[in-house]
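# Structure assessment
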Amino acid sequence: MSKTLLLHICCAPCACGCIDRLRNEGVEFAFYYSNSNLNSLEEYEKRLESARKLAQAENIPLYIDEYDHASWLKRTADFAAEPERGKRCGICFNWSLSRTALAAVELGFNEFATSLTVSPHKSSKLIFEIGSQYERFSPWDFKKQDGFLKGNRKAKELELYRQSYCGCEFSLHN
């Protein structure tokens, strides 16, 4: 049985920074778009459309998590005053990783990882600490080997939507 990986993606530009590395390592993978942190259904749909465009262009299966901002907000609301990269972000990472862990089991993937580690604005160390709670988590640091730069180039080439904030309403004020 070959190893298969479900890659949580937060947006298409970040996902772009992961594709070549996974393929070069011979990993069979699919995307899992999970973004309940996004502050509006409109933003969720914009990012989803770009994820679909990327998945189609790169011939990568795409699975989509339901949008449940109300539950995400309930989980993070006590940390609204936290600065960007504060405690709220760890709770948000855990939300996405827990949903991806469950989906990996349900969909029959051996492992899962996240594109969140491609961003220079996200702590890979924190993501790995949170991910280590989950049996199938695979700690890929996609910042390495110029993942962020390569992802941005590919996103421009494919004319993908490139957002200017993480997506939650709290980040708009920080």
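Our subject is the structure listed above.
Below, the structure is looked at part by part. Remember, predicted model here, so these are calculated numbers, not experimental data.

## Looking at unusual backbone geometry
In this model, N59 sits at a positive phi of 55°, which is unusual for a non-glycine residue. Along the polypeptide, N59 turns up in the loop between helix 2 (41–58) and strand 3 (62–64). The backbone phi angle of E159 is positive, close to 55°, even though this residue is not glycine. One can find E159 in the segment after helix 6 (147–157). Assessed through its relative accessible area of 66%, E159 is described here as exposed.

## Remarks on the packing of aromatic side chains
Counted by the stated rule, this structure contains 8 aromatic pairs. Seen from their ring centres, Y44 and Y67 are 4.7 Å apart, and the 45° between their planes marks the pair as tilted. Taken together, the residues Y44 in helix 2 and Y67 in the loop between strand 3 and helix 3 (69–76) connect sequence positions 23 residues apart. For Y44, a relative accessible area of 5% corresponds to the buried category. With a relative accessible area of 23%, Y67 lands in the partly exposed category. Ring geometry for F112 against Y134: centres 6.3 Å apart, planes inclined by 65°, an arrangement best described as edge-to-face. A residue pair is termed long-range when its members are at least 10 positions apart, and F112 in strand 4 (residues 111–114) and Y134 in the loop between helix 5 (124–131) and helix 6 qualify at 22 residues.

Rules used throughout
Residues numbered from 1 in each chain as written. Predicted model: local features only at pLDDT ≥ 70, side-chain atom pairs only at ≥ 80, totals over all residues. Heavy atoms only, no water. Helix = DSSP H or I, 4+ residues; strand = E, 2+ residues; numbered from the N terminus. Buried < 20%, exposed > 50% of the residue type's maximum accessible area, 1.4 Å probe, protein only. Phe/Tyr/Trp six-rings, centres within 6.5 Å; stacked < 30°, edge-to-face > 60°.

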